[in-house]
Amino acid sequence: MDTNRLSATLEKALNAQMTNEAHNAQIYLAYASWASEKGYDGIANFLFRHANEERTHMMKFLEYILKRGGKVTVTAIPGPGDNPKSVNDCFEKVYTSEVENTRRIYALVDASMAEKDWATYNFMQWFVNEQIEEETLAMDLLSKIKVAGGADAKDTALYALDADLGKKPDDAQLAQDATVENP
Ligand code: OFO
């Protein structure tokens, strides 16, 4: 008896997204290692922590596929691409990859809606929210490097930015979570 509750199309798309989350973890690992080599330990720490977060995203997809009776297909993970050329370039690359991830998440939402697979549609809402947070975090990084001087940031400004990011919490403060008591 077939107990797979996922269509072949959605099973394939969910597996692809599981691999993409692993790919995102590789990107953060590569950039964190690059930052560490350059002596930016605060930035490296922030990016290493984020690599772990991407792995938890990968596991969420894996567990969901199994729970729905689907087949998990673990494949090779594409490499992270070139290392950043500067802190400014690093943060721009992080932003670009998060926006690309949002595009993929939305495509999965579209696909689940088209099939009226409301379980998958519901599951994907967590990721829709998570991507708001991920993009906010990436935009924060871009604002910080802009204040530090952007592509022309001087060593002293980068030193302060590095120290600041070492202390940064993993979760971004989102506009929709603000209340009168907690603006
Ligand atoms: Fe998995 O959220 Fe970033 O990419």
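About the criteria used
- Residue positions are counted from 1 within each chain, in the order its sequence is given.
- Residue-level local features of this predicted model are given only where pLDDT is at least 70; pairs of side-chain atoms are given and counted only at 80 or more, and the full residue set underlies all totals for whole chains, interfaces and linings.
- Only hydrogens and water are set aside; all other atoms, that is, all heavy atoms of the structure, feed into the side-chain values.
- The way it works is that DSSP assigns letters per residue, a run of H or I at least four long becomes a helix, a run of E at least two long becomes a strand, and they are numbered from the N terminus.
- Relative accessibility decides the category of a residue: with a 1.4 Å probe and only protein chains considered, values under 20% of the type maximum give buried, values over 50% give exposed, and everything between is partly exposed.
- The contact definition used throughout considers only heavy atoms, calling two residues in contact when any of these lie within 4.5 Å.
- A helix is expected to span 1.5 Å for every residue after the first.
- The angle between two axes is taken between their N-to-C directions and runs from 0 to 180 degrees, where each axis is a line fitted to C-alpha atoms and a helix contributes only its stretch in contact.
- Any angle that falls under 35 degrees is termed roughly parallel, while one over 145 is termed roughly antiparallel, one within 65 to 115 roughly perpendicular, and all others oblique.
- Handedness of a helix crossing follows the sense of rotation of the near helix relative to the far helix, less than a right angle counterclockwise being left-handed and clockwise being right-handed.
- Polar here means any residue other than Ala, Val, Leu, Ile, Met, Phe, Trp, Tyr, Cys and Pro, which are nonpolar, and Asp, Glu, Lys and Arg, which are charged; Gly is therefore polar.
- A pair of Phe, Tyr and Trp rings is counted when the ring centres sit within 6.5 Å of each other, with Trp represented by its six-membered ring. The angle between the planes then sorts it: under 30 degrees is stacked, over 60 is edge-to-face, the rest tilted.
- The criterion is that NZ of a Lys, or CZ of an Arg, lies within 6 Å of the ring centre and within 35 degrees of the ring normal, and then a charge sits over that ring.
- The rule for a salt bridge is simple: a side-chain nitrogen of Lys or Arg has to be within 4 Å of a carboxyl oxygen of Asp or Glu.

Participant: Would you mind showing me how to read the environment of D82 here?
Facilitator: Locating D82 in the fold gives a position in the loop between α2 (41–67) and α3 (87–114). A residue is classified by how much of its surface remains accessible, and D82, at 60% relative accessible area, is exposed. Taking C-alpha positions, D82 is 31 Å from E63, a pair spaced 19 residues apart along the chain. Ignoring any residue separated from it by four or fewer positions in sequence, one finds D82 in contact with Y31 and K93.

Participant: Would you explain α2 in this entry?
Facilitator: Think of an α-helix as turning once every 3.6 residues; residues three or four places apart then point the same way. Its 27 residues give α2 an end-to-end C-alpha distance of 39 Å, which sits within 8% of 39 Å, the value for a rise of 1.5 Å per residue. G69 sits one or two residues past α2 and shows a positive phi near 80°.

Participant: Is there a simple way to explain the packing of α2 against α3 in this structure?
Facilitator: Two quantities define a packed helix pair, namely the angle between the axes and the distance from one axis to the other. Where α2 meets α3, the axes come as close as 14 Å, and the angle between the chain directions of the two elements is 15°. In this view, α2 runs roughly parallel relative to α3, as classed from their interaxial angle. Where α2 crosses over α3, the handedness of that crossing is left-handed. Of α3, the residues touching α2 (which contributes I43, L47, H50, E54 and F61) are V87, C90, F91, V94, E98, I105 and L108. Tallied by class, the residues present in the contact of α2 with α3 amount to nine nonpolar, one polar and two charged.

Participant: Which parts of the structure should I look at to understand the packing of aromatic side chains?
Facilitator: Where two aromatic rings form a pair, the distance of their centres and the angle of their planes describe that pair. Enumeration according to the criterion identifies seven aromatic pairs in this entry. Ring pairing ties together the aromatic residues F61, Y64, F123, W126 and F127, which thus form one cluster. Here K60 stacks its cationic end above the ring of W126, 4.3 Å away from the centre of that ring.

Participant: Hey, could you run me through the environment of P84 in this one?
Facilitator: Within the element layout of this structure, P84 appears in the loop between α2 and α3. Its relative accessible area of 5% is what places P84 among the buried residues. Between the alpha carbons of P84 and R55 there is a distance of 21 Å; along the sequence they are 29 residues apart. Apart from the residues within four sequence positions on either side, P84 is in contact with Y31, W34, D89, C90 and K93.

Participant: What's the story with α3 in this structure? I'm lost.
Facilitator: For α3, which comprises 28 residues, the first-to-last C-alpha distance of 41 Å matches the rise-based estimate of 40 Å (1.5 Å per residue) to within 8%. Backbone geometry just downstream of α3 places K116 in the positive-phi region, at approximately 55°.

Participant: Could you clarify how one ought to interpret the pattern of salt bridges in this entry?
Facilitator: Where charged atoms from two side chains of opposite charge come close, those side chains can pair. Applying the stated criterion across every chain, the model contains four salt bridges. Because the salt bridges share partners, they merge into one network encompassing E100, R103 and R104.

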